[in-house]
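# An overview of the molecular structure
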Amino acid sequence: MGHFSRAPAGRQGGRLRHAPLTARLVALLVALPLVALGHAHLLATSPAASASLIAAPRSVTLSFNESVRLAVLKLESATDEVPLPVDRNAAPAKTVTVALPALKPGAYEVRWSAITVDDGHIVTGRFGFEWHLAPTTPP
Ligand SMILES: [Cu+2]
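Residues numbered from 1 in each chain as written. Predicted model: local features only at pLDDT ≥ 70, side-chain atom pairs only at ≥ 80, totals over all residues.

Here we come to the overall build of the protein chain. The helix and strand inventory of the protein chain stands at 2 helices and 8 strands. Written out in order from the N terminus, the α and β elements of the protein chain read β-α-α-β-β-β-β-β-β-β. When each of the 139 residues of the protein chain is scored for burial, the buried share is 16%. (Helix = DSSP H or I, 4+ residues; strand = E, 2+ residues; numbered from the N terminus. Buried ≥ 20, exposed ≤ 12 C-beta atoms within 10 Å, placed from the backbone.)

Here it is, written out as structure tokens:
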């Protein structure tokens, strides 16, 4: 997991392109009396990283130490890319949950990217999980 500032990339165009978001961030900062400065850190995920499940997970949850806006959420198996909806206009939150469609048994990788609300930094990460039907015990 790493983070990078959005500032160095394309100063001119970038500043204009992100102006509405920046305005909203400033408004939020003014509204909050005191926020810890720094980019968000991922605290936990559900399914947990490297989890081996016996039922298909119905959602993916990312928990951070401070409020973020989810920017990217990708779910891939060896054979499929599962399209997931990301609401980029959702209110900033420490915990983000996205519902999953029915997943075939197998191994999956989640790749995510989120914008930290208080400093505008982007944090990214990836983790895997798998799910398989529990082996049936012979009678
Ligand atoms: Cu940061």
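For the rest of this paragraph, the subject is the nonpolar core. Core analysis: the biggest nonpolar cluster contains 16 residues, and Ala40, Leu62, Val68, Leu70, Val110, Trp112 and Ala114 have the highest contact counts within it. Where this core is concerned, the elements lending two or more residues are β4 (59–77), β7 (106–116) and β8 (122–131). Residue contributions to this core peak at 6 residues, all from β4. The residues contacting Trp112, other than those within four sequence positions of it, are Leu62, Leu70, Val72, Leu73, Thr124 and Gly125. (Core = buried A, V, L, I, M, F, W, Y, C linked by C-beta atoms within 7 Å. Contact = placed C-beta atoms within 7 Å.)

It is worth spelling out the pairing of β8 at this point. Summarising the sheet, strand β3 (residues 51–53) and β8 pair through 3 bridges and their orientation is parallel. Note on β8: the bridge partner recorded for Ser52 is Glu130. Where β7 lies against β8, 10 bridges are found, and the strand directions are antiparallel. Residue pairing in the sheet places Arg111 in a bridge with Arg126 of β8. (Pairing = 2+ DSSP bridges.)

One ladder, built from 9 bridges, connects β4 with β7; its direction is antiparallel. Bridge pairing links Val68 to Thr116 in β7. Hairpin connection from β7 to β8: 5 residues lie between these consecutive antiparallel strands, with Gly120 at a positive phi of about 75°.

The peptide bond linking Ser46 to Pro47 adopts the cis configuration, its omega dihedral lying at 0°. Notably, Ser50 is not glycine yet its phi reads approximately 70°, a positive angle.

Below, the discussion takes up the confidence of the model for the protein chain. As a note on interpretation, predicted positions should not be read in detail where pLDDT is low. Looking at the protein chain as a whole, its pLDDT mean stands at 83, while 73% of the residues score no less than 70. For the protein chain, per-element mean pLDDT is lowest for helix α1 (residues 11–17), which scores 46, and highest for strand β2 (residues 42–46), which scores 98. When the criterion is pLDDT under 50, residues 7–16 qualifies, and its contacts beyond four places in sequence or with other chains add up to 2 contacts. (pLDDT = per-residue confidence, 0-100.)

A few words now on the environment of Asn65. Looking at the element boundaries, Asn65 is found in strand β4. Accessibility expressed as a C-beta count within 10 Å gives 14 for Asn65, which makes it partly exposed. Residues Asn65 and Ala40 lie 25 residues apart in sequence; the distance between their C-alpha atoms is 5.9 Å. The residues touching Asn65, leaving out its near neighbours within four places in the chain, are Ala40, His41 and Leu43.

To continue, consider the environment of Leu84. Along the chain, Leu84 turns up in the loop between β5 (81–82) and β6 (93–99). Here the alpha-carbon distance between Leu84 and Pro101, two residues 17 residues apart in the chain, equals 8.3 Å. Aside from chain neighbours lying at most four places away, what touches Leu84 is Leu73, Leu75 and Val98.

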